[in-house]
Amino acid sequence: MSTQKSSFNHNQDVVHKPSKTFSSKARISSMAAYKKLYKQSIEQPEKFWAREAEELVWQKPWSKVLDWKAPNAKWFEGGKINVCENCVDRHAVGPRKNKAAIIWEGEPGDKRVITYGQLQKDVCRFANVLQKNGVKAKDRVLIYMPMVPEAAVAMLACARIGAVHNVVFGGFAAEAIVDRLQDSGASIIITADGGWRRGKVVALKPVVDEALARYDQVSRVIVLKRCGNEIAMDAARDAWWHDEVATVPSKHVAKGFDSEHPLFVLYTSGSTGKPKGILHTSGGYLTGTYSTCKYIFDMRDDDVYWCTADVGWITGHSYIVYGPLANGATQVMYEGAPNAPDFGRFWKMVEEYGVTIFYTAPTAIRAFIKAGDQFPNAYDLSSLRLLGSVGEPINPEAWNWYHQKIGGGRCPIVDTWWQTETGAILISPLPGATPCKPGTATLPFFGVDAVILDDAGKKCKAGQDGRLVIRKPWPSMIRSIYGDKERYKSTYWSDYPGFYTAGDGARRDKDGNFWIIGRLDDVLNVSGHRLGTAEIESALVSHPAVAEAAVIGRPDEMKGQAVAAFVTLKAGFEESEALCAELRNHVGKVIGAIAKPDDLYFAPGLPKTRSGKIMRRLLKELVCTGKVTGNVTTLEDPSIIENLQRKIAPHPAP
Ligand code: PRX
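These numbers come from a predicted model, not from an experiment.

## Things to note about the packing of aromatic side chains
Okay, step 1: Per the stated rule, a full pass over the model turns up 43 aromatic pairs.
Okay, step 2: Between Tyr-488 and Tyr-492, the aromatic rings sit 6.2 Å apart at their centres with planes inclined by 55°, giving tilted as the arrangement. Of the two residues, Tyr-488 and Tyr-492 both sit in helix α16 (residues 485-492), 4 residues apart, roughly one turn of that helix. In this pair, the class of Tyr-488 matches that of Tyr-492, namely buried.

## Things to note about the pattern of salt bridges
Okay, step 1: Per the counting criterion, the structure on display carries 45 salt bridges.
Okay, step 2: The partner of Glu-335 in a salt bridge is Arg-226, with the nearest N and O atoms 2.7 Å apart. Of this pair, Glu-335 sits in the loop between β17 (330-334) and α12 (345-353) while Arg-226 sits in the loop between β11 (220-224) and β12 (238-240), placing them 109 residues apart in sequence. Across the pair, exposure class does not vary: Glu-335 and Arg-226 are buried alike.

## Some points on the sheet that holds strand β21 (residues 450-453)
Okay, step 1: Read from one edge to the other, the open sheet built from 4 strands follows the order β21-β22-β24-β25, with strand pairing classed as antiparallel. Unpaired on one side and paired on the other, β21 and β25 (514-519) mark the two borders of the sheet. Here the average twist between neighbouring strands, direction ignored, is 45°.
Okay, step 2: Note that strand β22 (residues 466-470) and strand β24 (residues 500-508) share 4 bridges and pair antiparallel. Of the residues in β24, the one forming a bridge with Arg-467 is Gly-505.

## Re the packing of helix α13 (residues 362-371) against helix α15 (residues 396-406)
Okay, step 1: α15 packs onto α13 with a crossing angle of 70° between their chain directions and a minimal axis gap of 10 Å. In terms of orientation, α13 lies roughly perpendicular with respect to α15. For the pair α13 and α15, the contacting residues are Ile-365, Arg-366, Phe-368 and Ile-369 in the first and Glu-397, Ala-398, Trp-401 and Tyr-402 in the second.
Okay, step 2: The residue makeup of the contact of α13 with α15, split by class, is 6 nonpolar, no polar and 2 charged.

## Notes on the pairing of strand β18 (residues 357-360)
Okay, step 1: The side-chain alternation of β18 yields two buried faces, one formed by Ile-357 and Tyr-359 and the other by Phe-358 and Thr-360.
Okay, step 2: Pairing of strand β16 (residues 304-307) with β18, which is carried by 3 bridges, proceeds in the parallel orientation. Bridge pairing links Tyr-305 to Ile-357 in β18.
Okay, step 3: Bridge count for β18 against strand β19 (residues 386-390) is 4 bridges, and the pairing is parallel.

## Structural notes on the site of the ligand
Okay, step 1: The full set close to the ligand counts 17 residues, and Asp-415, Thr-416, Thr-420, Asp-504 and Arg-530 are the nearest of them.
Okay, step 2: In this structure, a nitrogen atom belonging to the ligand sits 3.4 Å away from a main-chain N or O atom of Glu-392.
Okay, step 3: Gln-419 places a polar side-chain atom, nitrogen or oxygen, 2.9 Å from an oxygen atom of the ligand.
Okay, step 4: Coverage of the ligand by the protein chains reaches 96% of its 530 Å² of free accessible surface.
Okay, step 5: Elements with a minimum of two residues in the shell around the ligand: α11 (314-326), β20 (413-416) and β25.
Okay, step 6: Classifying every residue of the shell around the ligand by side-chain character gives 6 nonpolar, 6 polar and 5 charged.

## Structural notes on the sheet that holds β18
Okay, step 1: Ordered in space as β5-β4-β17-β16-β18-β19-β20, the 7 strands form an open sheet in which the pairing is mixed. Taken across any chain shown, the strands that pair with only one partner, and hence form the sheet edges, are β5 (111-115) and β20. In this sheet, adjacent strand axes meet at a mean angle of 20° when their direction is disregarded.

## Notes on the environment of Leu-579
Okay, step 1: Locating Leu-579 in the fold gives a position in helix α18 (residues 577-590).
Okay, step 2: Here the alpha-carbon distance between Leu-579 and Phe-602, two residues 23 residues apart in the chain, equals 9.9 Å.
Okay, step 3: When near neighbours in sequence (up to four residues on either side) are disregarded, Leu-579 contacts His-543, Ala-545, Leu-569, Glu-574 and Phe-602.

## Considerations on the packing of helix α4 (residues 83-92) against α11
Okay, step 1: Running from N to C, α4 and α11 cross one another at 55°; their axes reach a closest spacing of 8 Å. Considering their axes alone, α4 and α11 lie oblique with respect to each other. Note on packing geometry: the crossing formed by α4 with α11 is left-handed. When α4 is examined against α11, the residues Val-83, Asn-86, Cys-87, Arg-90 and His-91 are found in contact with a partner set consisting of Tyr-322, Leu-325 and Ala-326.
Okay, step 2: Its residues assigned to classes, the contact of α4 with α11 comprises 5 nonpolar, 2 polar and 1 charged.

## Quick look at the side chain of His-280
Okay, step 1: Relative to the helices and strands, His-280 is located in strand β15 (residues 276-281).
Okay, step 2: Among the polar contacts made by the side chain of His-280, one reaches the main-chain carbonyl oxygen of Ser-476 at a distance of 3.3 Å.

## As for unusual backbone geometry
Glycine aside, a negative phi is what most residues show, and trans is what most peptide bonds show.
Okay, step 1: Residue Ala-70 is joined to Pro-71 through a cis peptide bond whose omega torsion reads 0°.
Okay, step 2: Residue placement: Pro-71 occurs in the loop between β1 (64-69) and β2 (72-77).
Okay, step 3: Note the cis peptide between Ala-340 and Pro-341, where omega equals 0°.
Okay, step 4: By secondary structure assignment, the location of Pro-341 is in the loop between β17 and α12.
Okay, step 5: One non-glycine residue, Phe-76, lies in the positive phi region at around 60°.
Okay, step 6: Position of Phe-76 among the secondary structure elements: in strand β2.
Okay, step 7: Among the residues examined, Phe-76 registers a relative accessible area of 0% and is labelled buried.

What counts, and at which threshold
- Along each chain, the written sequence defines residue order, and numbers are assigned to residues from 1.
- For this predicted model, a pLDDT threshold of at least 70 governs which residues receive local features, and a threshold of 80 or more governs which side-chain atom pairs are given and counted, while totals over whole chains, interfaces and linings are taken from all residues.
- The basis for the side-chain values is all heavy atoms of the structure; hydrogens and waters are excluded.
- Note on ring pairs: Phe, Tyr and Trp rings are taken, using the six-membered ring of Trp, and paired if centres are within 6.5 Å. Classes follow the plane angle, with under 30 degrees stacked, over 60 edge-to-face and the rest tilted.
- Think of it this way: any DSSP run of H or I at least four residues long counts as a helix, any run of E at least two long counts as a strand, and we number them from the N terminus.
- Exposed residues in this analysis have more than 50% of their type's maximum accessible area, buried residues have under 20%, and partly exposed residues fall in between, with area computed by a 1.4 Å probe over protein chains only.
- By definition here, a salt bridge exists when the distance from a side-chain nitrogen of Lys or Arg to a carboxyl oxygen of Asp or Glu is within 4 Å.
- Any two strands with at least two DSSP-identified bridges between them are counted as paired.
- Lines fitted to C-alpha atoms define the axes here, with helix axes fitted over just the stretch in contact, and angles between the N-to-C directions of these axes take values from 0 to 180 degrees.
- Our angle categories are set so that under 35 degrees counts as roughly parallel, over 145 as roughly antiparallel, 65 to 115 as roughly perpendicular, and the remainder as oblique.
- Contacts are residue-level and defined by heavy atoms, with any inter-residue pair within 4.5 Å sufficient.
- For this classification, Asp, Glu, Lys and Arg are treated as charged, while Ala, Val, Leu, Ile, Met, Phe, Trp, Tyr, Cys and Pro are nonpolar and the rest, including Gly, are polar.
- We define proximity as follows: a residue is near a molecule or strand when any one of its heavy atoms falls within 4 Å of that partner.
- Whenever two N or O atoms come within 3.5 Å, that pair is a polar contact, provided that in protein one can donate a hydrogen and the other can accept it, and provided that, for residues adjacent in sequence, both atoms are side-chain atoms.
- Only the protein chains shown count as covering a residue, and every accessible area follows the Shrake-Rupley method with a 1.4 Å probe.
- Crossing handedness is read from the near helix: turned anticlockwise from the far helix by less than a right angle, it gives a left-handed crossing, and turned clockwise, a right-handed one.

Remember, this is a structural readout, not a statement about activity or role.
Here it is, written out as structure tokens:
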């Protein structure tokens, strides 16, 4: 099998055991305790998950924990639950009423603290606003917001009334909004005038207007005034958030919905040109995010937790909104960039708010390493007790820096492996129990039956590369690709019938730790974000000068992977630096800045098989090593490779 090799050498002998001080206070405090509970959870997963779900508030108890007819799972059937009630109301009525739920900081330095009591009022008001605007259970609501508390309020208000939110990352362009509106059929959009990013206003409402010029099925746009930038308001369609909430009561009854009631759709890249809508439902998703937060972040009432993700990604859904709030946590939320005004911003905030649990991505850690130790050195980070990593394999250099410089050598690091589809973390150390080796996400969470299989479906031996597979259903798993059950089945459940294939290559070491090697499909992981090669290719081809395009990922020291594009121009167009810049910007305009190719090569022809399939494998080898050594017998025109070779400076793995 061909897997994309990770770019670092695994020194598998370096082991960091949790300290006695940490372990003695942790929920799972030894490997023996982990192994015992893991064994039970695999032998009787329904018993384990039922016990976790019992810690949530159900308006009607379930009659059956799991109904499993592969690939369709129904968790907690018969049960009725309100996800928002679990994240907000149950804390707002008890001793956590005046506890900070969200400590928010805007990029310019403005601050707000929202208690659970206040959050309940805000969410109830917005739930009333949605209903006043005709939103009903199962209706789709598109949310396109900056990182402000109202983004979480909008999501929770949807959950409260049983509407299905579709959050679109604020960095995506109008086309992404149009695609998602078309696929989901949303008729209402929640947005803001703009958000702050690196000292500038990133306008959002104008992007929505651009999208709605091409899609006319949206009848209402509710706009939060965040930056005060000038925007157009269509009197018949658009309304201000502050005007809307002023007219409704701050009380709202949270009705229970079926456990399998849809909660949200979040679009993510796959191997085709259009992102797929990953559908998550209520009771199981909440159980998974609640339970993983509790055990993996070992979350306590006096913790100050901070996940630096954006709510536009699954990490923001599961580990900013649903998991931490279901646990009644206090969390920090930040609007802007890590380097605004300089690379000390995160550490300044850790010091100021006494952050105890900090969850970020390897790409951010690498940027901090590059910026220099003077930034973390200037702040007191002694409040931290636990660190987390997500989105891509963390290279040992980044792991060690994070451990020493940020964690002061005392904080365990949970390297959490999961996906938009898995809803919650599936493989991760438990901080008080698992010995960590830099670079591995270590061992499966309770109830998660993870294995690595070879192409024939046989379990791989230690050290052998294979495909990461989950053999049992888990509560927070994807339920479908929105509107396409068949694609759901063929994408995730057909490689090994009855088992979930994650799309990742992996291997286990002799201690059973899982080392994630990377994606096996045409999906890139750029700064921890998923982008499909086909999506970027289709954006390039939508430019009038482009006849054909091929996109591959190459190793990049900062981003993990960078985007390299090969473009064949239509007759009549000349290769030029200006056109190169124009094409890069075009991708930025069609998809968003994160998808802009880092390298763009003009290619008079692309290497193809005789049947016309582009051989991206050869392009990848060429970009990484400067030559092609693999099998080229199927290549239609070998001179194409020779031509390209002259243009390319190799980018070896860092
Ligand atoms: O390749 C894996 C990588 O990110 C992919 C999932 O991307 P997405 O759905 O956008 O979710 C990202 C946040 C959960 C996976 O298939 N990935 C994620 N976490 C890790 C990882 N690779 C290695 N180690 C991780 N901890």
